Amino acid sequence: MDTKLAVTLIYLDICCFNRPFDDQSQLLVRLQTEAKLDIQQSVREGKIALVWSAVLDLENTANADIERSKVINGWKPLAVIDMEVTPQIESLAEEFASIGVKPMDALHVASAITAGATFLLTTDKQLLKRMVVEPRICVIDPVDFIKTQQDTSHEN
């Protein structure tokens, strides 16, 4: 009998990876930053598994801040899955684009779903609103993700 607990598989979009580099003068930004840093620590410790994608590579390469781009790219080797963009992902992304999700965001969501992630973490308010009823993945803010993980750990 395998006694290993299942590890939660998550996908962070580029705005989530960028959150610690944003202006921290707003409380919500600081809270999201702290939550994201805590989540990344859990990835390092193997408590949470990270999904990466070619979409993250593409967006991160376009980052004008080379140091920020290097820091974000440092998370790629920690990912347990690295998704290429496939016709299946493109087709799924078109489905999300048809409901008003921006094309790159749609590719992030499609990549996360195809990888089997349970959660896609984002700080993009528009994406959070558009994906609130998506049954295949929970698109969630990093602060709310921390809350769900604490709620789950208290149930055990």
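Conventions and cut-offs
- Residues numbered from 1 in each chain as written.
- Predicted model: local features only at pLDDT ≥ 70, side-chain atom pairs only at ≥ 80, totals over all residues.
- Heavy atoms only, no water.
- Axes fitted to C-alpha atoms, helices over the stretch in contact; angles between N-to-C directions.
- Helix = DSSP H or I, 4+ residues; strand = E, 2+ residues; numbered from the N terminus.
- Contact = heavy atoms within 4.5 Å.
- Nonpolar A, V, L, I, M, F, W, Y, C, P; charged D, E, K, R; others polar.
- Buried < 20%, exposed > 50% of the residue type's maximum accessible area, 1.4 Å probe, protein only.
- Pairing = 2+ DSSP bridges.
- Core = buried A, V, L, I, M, F, W, Y, C linked by side-chain atoms within 4.5 Å.
- Patch = residues over 30% accessible without salt bridge, like charges linked within 9 Å, V, L, I, M, F, W, Y side chains within 5 Å.
- Areas by Shrake-Rupley, 256 points an atom, 1.4 Å probe, with all protein chains shown as cover.
- Salt bridge = Lys/Arg side-chain N within 4 Å of Asp/Glu carboxyl O.

K.L.:
Quick question: what am I supposed to make of the packing of helix H3 (residues 54–61) against helix H6 (residues 103–115) here?
P.N.:
To describe two helices that pack against each other, one gives the angle between their axes and the distance between the axes. Two elements in contact, H3 and H6, have axes whose closest approach is 9 Å; the angle formed by their N-to-C orientations is 145°. Within the contact between the two elements, H3 uses Val 55, Leu 56, Leu 58 and Glu 59 and H6 uses Met 104, Leu 107, His 108 and Ser 111. Of the residues in the contact of H3 with H6, the class split is five nonpolar, two polar and one charged.

K.L.:
Just to check I follow, could you spell out the pairing of strand S2 (residues 48–53) for this structure?
P.N.:
Residues in a regular strand project their side chains so that they alternate between the two faces of the sheet. Most of S2 is tucked away: six of the six residues are buried. Side chains Ile 48, Leu 50 and Trp 52 project from S2 onto one buried face, and the interleaved Ala 49, Val 51 and Ser 53 project onto a second face that is buried too. With four bridges joining them, strand S1 (residues 8–12) and S2 adopt parallel strand pairing. The residue bridging Ile 10 from the neighbouring strand is Leu 50, located in S2. Judged from the four bridges that link them, S2 and strand S3 (residues 79–83) form a sheet pairing that is parallel. By the bridge assignment, Trp 52 is partnered in S3 with Asp 82.

K.L.:
In this structure, what is going on with the nonpolar core? I would like to understand it.
P.N.:
Generally speaking, nonpolar side chains in soluble globular proteins are found buried as a group. By size, the foremost hydrophobic cluster in this structure holds 45 residues, and its most contacted members are Ile 10 and Leu 121. At seven residues, the largest contribution of residues to this core is made by H6. Leu 121 has contacts with Ile 10, Tyr 11, Leu 12, Asp 13, Cys 16, Ile 39, Ile 140, Pro 142 and Phe 145, leaving out every residue within four places of it along the chain.

K.L.:
Please clarify how the sheet that holds S2 should be interpreted in this entry.
P.N.:
By way of backbone hydrogen bonds, the strands of a sheet pair with one another, either parallel or antiparallel. As summarised here, the arrangement of the five strands in space is S3-S2-S1-S4-S5, forming an open sheet in which the pairing is parallel. A single partner strand is all that each edge strand has here, and the edge strands are S3 and strand S5 (138–140). Put simply, the sheet's adjacent strands are angled 30° from each other on average, direction ignored. Note that strand S4 (residues 119–121) and S5 share three bridges and pair parallel. The partner of Phe 119 across the bridge, within S5, is Cys 138. Where H3 meets the sheet, it contacts S1, S2 and S3, and its direction lies at approximately 65° from that of S2.

K.L.:
What should I look at first to understand a nonpolar patch on the surface in this one?
P.N.:
On the surface, Leu 27, Leu 28 and Leu 31 cluster together into a nonpolar patch covering about 280 Å² of accessible area. Positionally, Leu 31 belongs in helix H2 (residues 27–44). The class of Leu 31 is partly exposed, set by a relative accessible area of 43%.

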